[in-house]
Number of protein chains: 2
Amino acid sequence: MTNDIPLPKPGSAVRGSQSGQPIMVLFDLLSRRWAMGILWNLSDQNRNFRDLQARCDSASPSVVNTRLKELRAVGLVERADDGYSLTGDGRDLFKRLEPLGDWAQEWIPTLAAASRDD
Amino acid sequence: MTNDIPLPKPGSAVRGSQSGQPIMVLFDLLSRRWAMGILWNLSDQNRNFRDLQARCDSASPSVVNTRLKELRAVGLVERADDGYSLTGDGRDLFKRLEPLGDWAQEWIPTLAAASRDD
DNA sequence: TGGCATTGCTACTAAATTCGTAGCAACCTA
DNA sequence: TAGGTTGCTACGAATTTAGTAGCAATGCCA
């Protein structure tokens, strides 16, 4: 075996789920800053670095770049002539992420209402 | 002012999506360390603090506690006689998260295979 | 009543990640 | 050839996480 790292952990360090449960490995990857935001923003069209950065709340270029490297390393994102794009797997994953968008739209209002009476 | 924070941001600081897009607010909250792992582990049954901690790769108690406070603050988790449990909203969110589990199970193997030939 | 184990959580330092900003090399484009 | 754009590296400061120790409260049992 040439490679037996705890999978994701592209950037190594602090993180790295030991449980071995696939979902935890995925959570580990997706919970890195802007990982989901990048996938989300690439879902409707390819985007170049600066565009992506702007759409991710002007995240610092180092984070965007690191995340792009990781997402490419695990085959969810790839380079395209016009910037970056989701791979087949990336689109597949996005489909499972998409429902969160609808839910968030219903949830945020209730959250806002609730936090008004603390 | 009693409360005008950019919603989630329960612990404030570094994070806090400005875009205002609900999905980004949700991603912001969920991408905090172990947030999704906690929701996931509470989905099948209530669990006490130490059990939860153990299931989250023995995450440090400070992180687990901080996350629990945040998740309770936004009404996704609540205390129960036998530990912590998901609220109605929490279960609702979990339903949208669940598909990721199936996807992860199919994806991890391909990831492992791909990383063998670096 | 006196251990003793379990549980929830606080404290604190070190390590890692993220932020924010500056800036450069490679490409257009006029 | 003088901008303007784009992709990305550098780097110090600010935050978050990790790891570990430990304490107060509660439950159980002899």
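Before reading further, recall that the structure is shown in the block above.
Residues numbered from 1 in each chain as written. Chains lettered and ligands numbered in written order. Predicted model: local features only at pLDDT ≥ 70, side-chain atom pairs only at ≥ 80, totals over all residues. Heavy atoms only, no water.

Caption draft 1: Just the overall build of chain A, in detail. Helix and strand counts for chain A stand at five helices and two strands. Helices and strands appear in chain A in the N-to-C order α-α-α-α-β-β-α. Partitioning the contacts of chain A with sequence separation of at least 6, the portion at a separation of at least 24 is 44%. (Helix = DSSP H or I, 4+ residues; strand = E, 2+ residues; numbered from the N terminus. Contact = heavy atoms within 4.5 Å.)

Caption draft 2: Main features of the pattern of salt bridges. All names here are of chain A. Summed over the entire model, instances satisfying the criterion amount to 14 salt bridges over all chains. A salt bridge links Asp51 to Arg47, with the shortest nitrogen-to-oxygen separation between them at 3.1 Å. What makes Arg47 buried here is its relative accessible area of 4%. One salt-bridge network, held together by shared partners, links Asp44, Arg47, Asp51 and Arg55. (Salt bridge = Lys/Arg side-chain N within 4 Å of Asp/Glu carboxyl O. Buried < 20%, exposed > 50% of the residue type's maximum accessible area, 1.4 Å probe, protein only.)

Caption draft 3: Layout of the packing of aromatic side chains. Summed over the entire model, instances satisfying the criterion amount to six aromatic pairs over all chains. For the pair B:Trp103 and B:Trp107, a centre-to-centre distance of 5.1 Å together with 20 degrees between the ring planes defines the contact as stacked. Here the residue B:Trp103 and the residue B:Trp107 both occupy positions in helix α5 (residues 88-116), the gap between them amounting to four residues, near one helical turn. Of the two residues, B:Trp103 and B:Trp107, neither departs from the other in class, the shared state being buried. Through pairs of rings, three or more aromatic residues link up here, namely A:Phe27, B:Trp40 and B:Phe94. If you follow B:Arg33 out to its NZ or CZ, it ends over the ring of B:Trp34, 4.6 Å from the centre. (Phe/Tyr/Trp six-rings, centres within 6.5 Å; stacked < 30°, edge-to-face > 60°. Lys NZ or Arg CZ within 6 Å of the ring centre and 35° of its normal.)

Caption draft 4: Unusual backbone geometry, seen in detail. Positive phi, close to 55 degrees, is recorded for A:Ser58, a residue that is not glycine. When you line up the elements, A:Ser58 lands in the loop between α3 (49-55) and α4 (61-73).

Caption draft 5: Inspection of the packing of helix α2 (residues 35-42) of chain B against helix α4 (residues 61-73) of chain B at higher detail. All names here are of chain B. The contact between α2 and α4 brings their axes to 10 Å, and the two run at 75 degrees. The orientation of α2 relative to α4 falls into the category roughly perpendicular. Facing α2, whose interface residues are Ala35, Ile38 and Leu39, α4 presents Val64, Arg67, Leu68 and Leu71. For the contact of α2 with α4, the residue count by class is six nonpolar, no polar and one charged. (Axes fitted to C-alpha atoms, helices over the stretch in contact; angles between N-to-C directions. Parallel < 35°, antiparallel > 145°, perpendicular 65-115°, else oblique. Nonpolar A, V, L, I, M, F, W, Y, C, P; charged D, E, K, R; others polar.)

Caption draft 6: Quick peek at the pairing of strand β1 (residues 77-80) of chain B. Residue and element names in this part refer to chain B. By the bridge criterion, four bridges tie β1 to strand β2 (residues 83-86) in an arrangement that is antiparallel. Looking across to β2, one finds that Ala80 is bridged to Gly83. Joining the antiparallel neighbours β1 and β2 is a turn of two residues. (Pairing = 2+ DSSP bridges.)

Caption draft 7: Spotlight on helix α1 (residues 22-30) of chain A. Judged by how many residues are buried, α1(A) sits mostly within the fold: nine of nine residues are covered. Listed in full, the buried residues belonging to α1(A) are A:Pro22, A:Ile23, A:Met24, A:Val25, A:Leu26, A:Phe27, A:Asp28, A:Leu29 and A:Leu30.

Caption draft 8: Geometry of the side chain of B:Thr87. Residues and elements named next belong to chain B. Its location among the elements puts Thr87 in the loop between β2 and α5. Of the polar contacts made by the side chain of Thr87, one reaches the backbone nitrogen of Asp89; its length is 3.3 Å. With residues near it in sequence (within four places) discarded, Thr87 still touches Gly75, Leu76, Val77 and Glu78. (Polar contact = N/O pair within 3.5 Å; in protein donor to acceptor, adjacent residues only side chain to side chain.)

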